[in-house]
Amino acid sequence: MSILLGRVVVITGASSGIGEACALAFVAKGAKVVLAARRAQRLETLVDRLGAAGGEALAVATDVTNEDAVANLFEQAMARFGQVDVLINNAGIADSTPAEDTPLDLWRKVIDTNLTSAFLCARAAIPIMKRQGHGRILNVGSISAKVPRANSPAYTASKWGLDGLTRALAIDCRADNIAVSVFHPGIVATELGGGMSSLPDDLVAQPEDAADVIVHMANLPDHLNFYEALVVQNKIPFLGRG
């Protein structure tokens, strides 16, 4: 029996892509899900879909870069379900702009969406998880936290920062039985990836592939932490020497 049965999972960036696939995969394991994203109509459509599949879901339209909105997300989750067992920090945006062409507003938008949002959600979740005596926070990073793409300084900085935040929280939270981990996907065919979905099938992963890994990382006894995972296409030049 899955440890996720009956547990409550908060998923950010849940209206499409990896987040949407995670919602379906967690419900398939018997979890209840709280869906956060800015696109309320998409969330409601997903709630209906999950309900038709026998799942239980709550949609909370949320700007995860806003601390009041994040506080409301967790207040609603607790009001509905009374617990938060897993947090999936999946919200993010991509950017490929050279440093000299990056306005400060764009830099801040990328950092806030990809990094600050994870901090705000973790900050809200940790006190709840401490009271419960267990919890799991899983941050969705990127292969760019290992090997950056060219001309993507804001995105690269945000994902390296998220990796550092994961390490810091993993240390700070382990005494309270809260496991903090990170999943680094390679190229995934999502809206975030833009034209990536037009690549050959053997150069992309599907959102469901990523969701399967995330659920596997979360589907462990509370005293275990699957700290880090990386999914990379065999044919991209990630490993090797020239």
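Being a predicted model, the structure only gives us computed values, none of them experimental.

J.: Can you lay out helix H2 (residues 40-52) for me, pointing to particular residues and giving the numbers?
T.: An ideal rise of 1.5 Å per residue puts 18 Å on 13 residues; H2 measures up with 19 Å between its terminal C-alpha atoms. Residues of H2 that are buried: Leu 43, Leu 46, Val 47 and Leu 50. For H2, the angular spread of the buried residues around the axis is 105 degrees, confining them to a single face. Opposite the packed face of H2, turned more than 90 degrees from it, sit the exposed residues Gln 41, Asp 48 and Ala 52. The elements touched by buried residues of H2 are helix H1 (17-28), strand S2 (32-37) and strand S3 (57-61). Two residues or fewer past H2, Gly 54 is found with a positive phi of approximately 90 degrees.

J.: Which residues make up the sheet that holds strand S6 (residues 178-185), and what are the values?
T.: Taking strand neighbours across the sheet as the criterion, the 7 strands line up as S3-S2-S1-S4-S5-S6-S7 in an open arrangement whose pairing is parallel. The open sheet has two edge strands with one neighbour each: S3 and strand S7 (228-231). Each adjacent strand pair in this sheet contributes to an overall mean axis angle of 15 degrees, direction not counted. Taken together, the 4 bridges between S6 and S7 define a ladder with parallel strand orientation. Bridge pairing in S7 links Val 182 to Glu 228.

J.: Tell me about the side chain of Arg 7, and please be specific about residues and values.
T.: In this structure, Arg 7 sits in the segment before strand S1 (8-12). Setting aside chain neighbours within four positions, we find Arg 7 in contact with Ala 31, Lys 32, Gln 83, Asp 85, His 134 and Asp 222.

J.: Tell me about the side chain of Lys 159, and please be specific about residues and values.
T.: If you trace the backbone, Lys 159 turns up in helix H5 (residues 153-173). One buried charged side chain, Lys 159, makes no salt bridge at all; its nearest oppositely charged neighbour is Asp 163, positioned 11 Å away. Here Lys 159 is in contact with Asn 114, Val 140, Gly 141, Ser 142 and Ala 145, once residues within four sequence places are set aside.

J.: Run through the packing of helix H4 (residues 104-132) against H5, naming residues and quoting values.
T.: In contact at an axis separation of 8 Å, H4 and H5 are set at 15 degrees when each is read in the N-to-C sense. Overall, the two elements H4 and H5 adopt an arrangement that is roughly parallel. Here H4 and H5 pass one another in a crossing that is right-handed. Of the residues in H5, those touching H4 at Trp 107, Val 110, Ile 111, Asn 114, Leu 115, Ala 118, Phe 119, Ala 122 and Ile 126 are Pro 153, Ala 154, Tyr 155, Ala 157, Ser 158, Lys 159, Gly 161, Leu 162, Leu 165, Leu 169 and Cys 173. Of the residues in the contact of H4 with H5, the class split is 16 nonpolar, 3 polar and 1 charged.

J.: Pulling in residues and values, what's your account of the pattern of salt bridges?
T.: Enumeration over the complete set of coordinates arrives at 7 salt bridges. Between Arg 123 and Glu 67 there is a salt bridge, with its nearest N and O atoms 2.8 Å apart. Here Arg 123, found in helix H4, pairs with Glu 67, found in helix H3 (residues 67-81); they are 56 residues apart in sequence, far enough to count as distant. You can call Arg 123 partly exposed: its relative accessible area is 43%. Judged by relative accessible area, Glu 67 falls into the partly exposed class, the value being 46%. A salt bridge links Asp 176 to Lys 130; the nearest nitrogen and oxygen atoms lie 3.9 Å apart. With Asp 176 in the loop between H5 and S6 and Lys 130 in helix H4, this residue pair connects regions lying 46 residues apart in the sequence. On the basis of relative accessibility, which here comes to 44%, the residue Lys 130 falls in the partly exposed class.

Parameters at a glance
- Residues numbered from 1 in each chain as written.
- Predicted model: local features only at pLDDT ≥ 70, side-chain atom pairs only at ≥ 80, totals over all residues.
- Heavy atoms only, no water.
- Helix = DSSP H or I, 4+ residues; strand = E, 2+ residues; numbered from the N terminus.
- Expected span 1.5 Å × (residues − 1).
- Buried < 20%, exposed > 50% of the residue type's maximum accessible area, 1.4 Å probe, protein only.
- Arc of directions from axis to C-beta.
- Contact = heavy atoms within 4.5 Å.
- Pairing = 2+ DSSP bridges.
- Axes fitted to C-alpha atoms, helices over the stretch in contact; angles between N-to-C directions.
- Lys, Arg positive; Asp, Glu negative; His and termini not counted.
- Salt bridge = Lys/Arg side-chain N within 4 Å of Asp/Glu carboxyl O.
- Parallel < 35°, antiparallel > 145°, perpendicular 65-115°, else oblique.
- Left-handed = near helix turned anticlockwise from the far one by under 90°.
- Nonpolar A, V, L, I, M, F, W, Y, C, P; charged D, E, K, R; others polar.

This is a description of form; function is not addressed.
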